[in-house]
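# Examining the three-dimensional arrangement
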Amino acid sequence: DTGVSQNPRHKITKRGQNVTFRCDPISEHNRLYWYRQTLGQGPEFLTYFQNEAQLEKSRLLSDRFSAERPKGSFSTLEIQRTEQGDSAMYLCASSPGQVNNEQFFGPGTRLTVL
Amino acid sequence: DQQVKQNSPSLSVQEGRISILNCDYTNSMFDYFLWYKKYPAEGPTFLISISSIKDKNEDGRFTVFLNKSAKHLSLHIVPSQPGDSAVYFCAASADLFQGGSEKLVFGKGTKLTVNP
């Protein structure tokens, strides 16, 4: 399967713990995006990378969130000191940078903070 | 502020009939509009897109219409099939060269149910 993969698919954690998610984009895609989706909402943009450079961060991305894409391939999203409000589906997408900005999404990581 | 709005949370149609999903936007800088389909426990899947310089784009059973003056677009599915039952998201992106961003701005989605 050459699509976008995300691990883990599900994560349950206690409030105050740190969690890290991984995204492996489609191999020839140089752009990688993170979105968050809560119940009844559409995906909301968090941040994006072009190769290893983080080019944009949403104001939704508080200081507790950090994302990296060290070699321009896979990316990690870390949430420190998780809060119950962080419970959501975290979606990763990648793109080769097409004119229509079509982005290819992974299956997501569902985070539940107890 | 909700820049992309899908005002119908759900829509139910009979198999074989037309499904029309609507989307409104407020940001005049948006220059590409995309529709995604999402099944439970899966990520969104790209369906069809349209540039702001066009008013119609067709791909098989799916047609997207854009009315730029009304800031309105719609997705038509003809004929609808039970396998089309999913949540449909409208998304938009703004022209990078006019100060936009590569991020997609999504609506809240419309849940389509196609009854056999």
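As a reminder, the structure under discussion sits directly above these lines.
Report on the accompanying structure. (Residues numbered from 1 in each chain as written. Chains lettered and ligands numbered in written order. Predicted model: local features only at pLDDT ≥ 70, side-chain atom pairs only at ≥ 80, totals over all residues. Heavy atoms only, no water.)

### Comments concerning the overall build of chain A
A count of helices and strands for chain A gives 0 helices and 11 strands. Helices and strands appear in chain A in the N-to-C order β-β-β-β-β-β-β-β-β-β-β. For a compact globule of 114 residues, the expected C-alpha radius of gyration is about 13 Å, and chain A comes in at 13 Å, within 12% of that figure. Based on the C-alpha atoms only, the size of chain A along its principal axes is roughly 40 × 25 × 25 Å. Across the 114 residues in chain A, those meeting the buried criterion constitute 48%. Summed over all atoms, the accessible surface of chain A reaches about 5700 Å², with 44% contributed by carbon and sulfur. Computing the positive centroid from 14 side-chain charges and the negative centroid from 12, chain A places the two 7 Å apart. (Helix = DSSP H or I, 4+ residues; strand = E, 2+ residues; numbered from the N terminus. Rg over C-alpha atoms; globule rule 2.2 N^0.38 Å. Buried < 20%, exposed > 50% of the residue type's maximum accessible area, 1.4 Å probe, protein only. Areas by Shrake-Rupley, 256 points an atom, 1.4 Å probe, with all protein chains shown as cover. Lys, Arg positive; Asp, Glu negative; His and termini not counted. Charge placed at Lys NZ, Arg CZ, Asp CG, Glu CD.)

### What about the pattern of salt bridges?
Residue and element names in this part refer to chain A. With the rule as written, the count across this model stands at 5 salt bridges over all chains. Put simply, Asp24 and Arg22 hold a salt bridge, and the shortest N to O gap is 2.8 Å. Take Asp24: its relative accessible area is 22%, and that puts it in the partly exposed class. Taken together, the shared-partner salt bridges connect Arg64, Glu83 and Asp86 into one network. (Salt bridge = Lys/Arg side-chain N within 4 Å of Asp/Glu carboxyl O.)

### Description of the sheet that holds strand β8 (residues 75–79) of chain A
Residues and elements named next belong to chain A. Read from one edge of the open sheet, 4 strands run β1-β3-β8-β7, paired in antiparallel fashion. Sheet topology places β1 (5–7) and β7 (65–68) at the edges, where each strand pairs with a single neighbour. Strand-to-strand, the axes of this sheet are offset by a mean angle of 15°, without reference to chain direction. Where β7 lies against β8, 4 bridges are found, and the strand directions are antiparallel. By the bridge assignment for β8, Phe65 is matched with Ile79. (Pairing = 2+ DSSP bridges. Axes fitted to C-alpha atoms, helices over the stretch in contact; angles between N-to-C directions.)

### With respect to the interface of chain A and chain B
Taken residue by residue, the interface counts 22 residues in chain A and 19 residues in chain B. When chain A packs against chain B, the two sides together hide about 1700 Å² of surface, and 52% of this comes from carbon and sulfur. Sorting the residues of chain A by area buried against chain B places Asn100(A), Asn101(A) and Phe105(A) first, and these three jointly supply 27% of that buried surface. Summed over the shared surface of chain A and chain B, the number is 1 salt bridge. Between Arg31(A) and Glu102(B) there is a salt bridge, with its nearest N and O atoms 2.7 Å apart. In this structure, the connection of chain A to chain B is made through 7 residue pairs in polar contact (both at pLDDT 80 or more). Looking at the side of chain A that touches chain B, the elements that each hand over two or more residues are β4 (31–37) and β5 (44–50) of chain A. The element best represented in the side of chain A that touches chain B is β4(A), accounting for 4 residues. (Contact = heavy atoms within 4.5 Å. Buried area = accessible area lost by both parts, 1.4 Å probe. Polar contact = N/O pair within 3.5 Å; in protein donor to acceptor, adjacent residues only side chain to side chain.)

### A look at the state of the cysteines
All names here are of chain A. Scanning the model with the defined rule gives 2 disulfides over all chains in all. Note that Cys23 is cross-linked by a disulfide to Cys92, the S-S spacing being 1.8 Å. The S-S bond linking Cys23 to Cys92 shows a torsion near -65°; that makes this disulfide left-handed. Taken together, the residues span a long stretch of sequence, with Cys23 in strand β3 (residues 19–24) and Cys92 in strand β9 (residues 88–95) at a distance of 69 residues. (Disulfide = S-S within 2.5 Å.)

### Regarding the nonpolar core
Residues Phe30(B), Phe33(B), Trp35(B), Leu73(B), Leu75(B) and Tyr88(B) are the most contacted members of the largest nonpolar core, which totals 25 residues. Within the residue set of this core, elements represented by two or more residues are β3 (19–25), β4 (30–38), β5 (45–51), β7 (62–67), β8 (72–77), β9 (86–94) and β11 (110–115) of chain B. Per element, the largest residue contribution to this core is 5 residues, and it comes from β9(B). When near neighbours in sequence (up to four residues on either side) are disregarded, Phe30(B) contacts Gln3(B), Val4(B), Tyr25(B), Ser52(B), Ala92(B), Ser93(B), Ala94(B) and Val105(B). Among the nonpolar cores identified, the runner-up in size contains 19 residues, and Leu77(A), Ile79(A), Ala88(A) and Val113(A) belong to it. (Core = buried A, V, L, I, M, F, W, Y, C linked by side-chain atoms within 4.5 Å.)

### A few points about the side chain of Thr82(A)
Structurally, the position occupied by Thr82(A) is in the loop between β8 and β9. Sequence-distant contacts of Thr82(A), that is, excluding residues within four places in its chain, are made with Thr13(A), Lys14(A), Arg15(A), Gly16(A), Gln17(A), Val19(A), Arg64(A) and Val113(A).

### A look at the pairing of β11(B)
All names here are of chain B. The two faces of β11 differ: Thr110, Leu112 and Val114 on one face are buried, but Lys111, Thr113 and Asn115 on the other face are not. Of the pairings in the sheet, the one linking strand β2 (residues 10–14) to β11 comprises 5 bridges and is parallel in character. Of the residues in β11, the one forming a bridge with Leu11 is Leu112. By the bridge criterion, 3 bridges tie β9 to β11 in an arrangement that is antiparallel. Looking at the pairing, Val87 lines up with Lys111 of β11.

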